[in-house]
Amino acid sequence: MELYNSLIKDTQGFLEKGIPTVWDYSEHDCWKDLGSSELVMQRDAAYELGASGKGSANYVLFTSGAEFVDRDQILLYGSDLKEIRGDTDFARIVLLRVGILDDDNERVYRILKDIEFAKYHVYPEGYMVRISPENYREQVRVSKQAIHHGISFRNIGASYIKEYKKNVNVLNAKVIFVTASGMDYTGMKDTAKKAGNITNTLTTILEGIPTDCSICSLKGICDEVEGMKELHFGVGSKGTEKGH
Ligand code: SF4
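**Re the overall build of the protein**
Counting secondary structure elements, the protein contains seven helices and eight strands. Relative to the globule expectation of 18 Å for 244 residues, the C-alpha radius of gyration of the protein, 19 Å, shows essentially globular dimensions. Dimensions of the protein, computed from C-alpha atoms along their principal axes, come out at roughly 60 × 35 × 35 Å. Burial analysis of the protein (244 residues in total) assigns 41% to the buried set. A sequence separation of at least 24 residues applies to 87% of the contacts in the protein between residues at least 6 apart.

Here it is, written out as structure tokens:
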């Protein structure tokens, strides 16, 4: 089951014009975590990533293919936190190789949701994240003090990977940060929306929606995402694929 692989390929297309800085994951690189959200006041902020008026996107894609994710890494396209001088465009994209995607049962999709929620459990000191799930943006206010202490995407990426890997089903994680100007942030945001649609459709299927594609409100997504219809009619549904 590789529902997200076409979106991974689209993402590779967005990034191919850049040359990333790459760090292998080490737990020692994790930034200090406060365990709960911190308020970084405007007067204490160095700048904002993905601020309003700037490009911003945030999404997670799952795969079982080692050709896409074969190790734990942090990639950065653009300037690192210490080099940024003002509000800037920002995307954070996570590719996860997950071991359970070949198990064809409901548990898989519940686990995907659990894994997605890991992003709400990372609270790096001096790095205040505001996620807007409804418009697929992520905005980060970075404190002057954190910059002074040498914060890097290497540290933030490590913190996310550590959190994702707490779920035993996550085999490898690749966290990609994008701050370079001129990248296709609109395309990334569209991809974020498509990824959200896939995950939500999976959830809806499991909640027992009607099984006549011709009258189903999710038909547009299922027509676009290879494998979705097969998945629906292979997950214990007694429905029919009429209307194709
Ligand atoms: S496979 Fe058909 S019935 Fe199932 S969610 Fe997709 S469009 Fe709806």
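Let us keep going from here.
**A look at the pairing of strand E5 (residues 90-98)**
E5 sits mainly inside the fold: nine of its nine residues count as buried. Side chains Phe90, Arg92, Val94, Leu96 and Val98 project from E5 onto one buried face, and the interleaved Ala91, Ile93, Leu95 and Arg97 project onto a second face that is buried too. In the sheet, strand E3 (residues 56-63) pairs with E5 via eight bridges, with the strands oriented parallel. By the bridge assignment for E5, Val60 is matched with Val94.

**A look at the sheet that holds strand E6 (residues 127-132)**
Across the sheet, three strands lie side by side as E2-E7-E6; this open sheet has antiparallel pairing. Bordering the open sheet on either side are strand E2 (45-49) and E6, each of which pairs with just one other strand. The mean angle between the axes of side-by-side strands here comes to 15°, regardless of whether they run parallel or antiparallel. Note that E2 and strand E7 (residues 137-143) share four bridges and pair antiparallel. Note that in E7 the partner of Glu48 across the bridge is Arg141.

**Considerations on the environment of Gly65**
On the secondary structure map, Gly65 appears in the loop between E3 and strand E4 (73-77). Exposure remark for Gly65: the 14 C-beta atoms within 10 Å place this residue in the partly exposed category. Taking the C-alpha atoms as reference, Gly65 lies 6.6 Å from Arg97; in sequence the two are 32 residues apart. Non-local contacts of Gly65, meaning those with residues more than four positions away in its chain, are made with Glu2 and Asn5.

**Notes on the sheet that holds E5**
In sheet architecture, strand pairing relies on hydrogen bonds along the backbone and comes in two forms, parallel and antiparallel. In spatial order, the strands read E1-E4-E8-E5-E3; together these five strands make up an open sheet with mixed pairing. Only two strands of the sheet have a single partner each, and these edge strands are strand E1 (21-24) and E3. Taking the axes of each pair of neighbouring strands and ignoring which way they run, one obtains an average angle of 15° across the sheet. In this sheet, strand E8 (residues 170-178) lies alongside E5 in antiparallel orientation, the contact comprising eight bridges. Looking at E8, one finds that Leu95 is bridged to Lys174. Along the sheet face, helix H4 (residues 153-164) touches E1, E4, E5 and E8 and points at about 150° away from the line of E8.

**Notes on the nonpolar core**
Among the nonpolar cores identified, the biggest contains 65 residues, and Leu61, Leu96 and Tyr127 are the most heavily contacted of them. The contacts of Leu61, once residues within four sequence positions are left out, are Tyr4, Leu7, Ile8, Thr11, Leu95 and Ala195.

Procedures and definitions
- Residues numbered from 1 in each chain as written.
- Predicted model: local features only at pLDDT ≥ 70, side-chain atom pairs only at ≥ 80, totals over all residues.
- Helix = DSSP H or I, 4+ residues; strand = E, 2+ residues; numbered from the N terminus.
- Rg over C-alpha atoms; globule rule 2.2 N^0.38 Å.
- Buried ≥ 20, exposed ≤ 12 C-beta atoms within 10 Å, placed from the backbone.
- Contact = placed C-beta atoms within 7 Å.
- Pairing = 2+ DSSP bridges.
- Axes fitted to C-alpha atoms, helices over the stretch in contact; angles between N-to-C directions.
- Core = buried A, V, L, I, M, F, W, Y, C linked by C-beta atoms within 7 Å.

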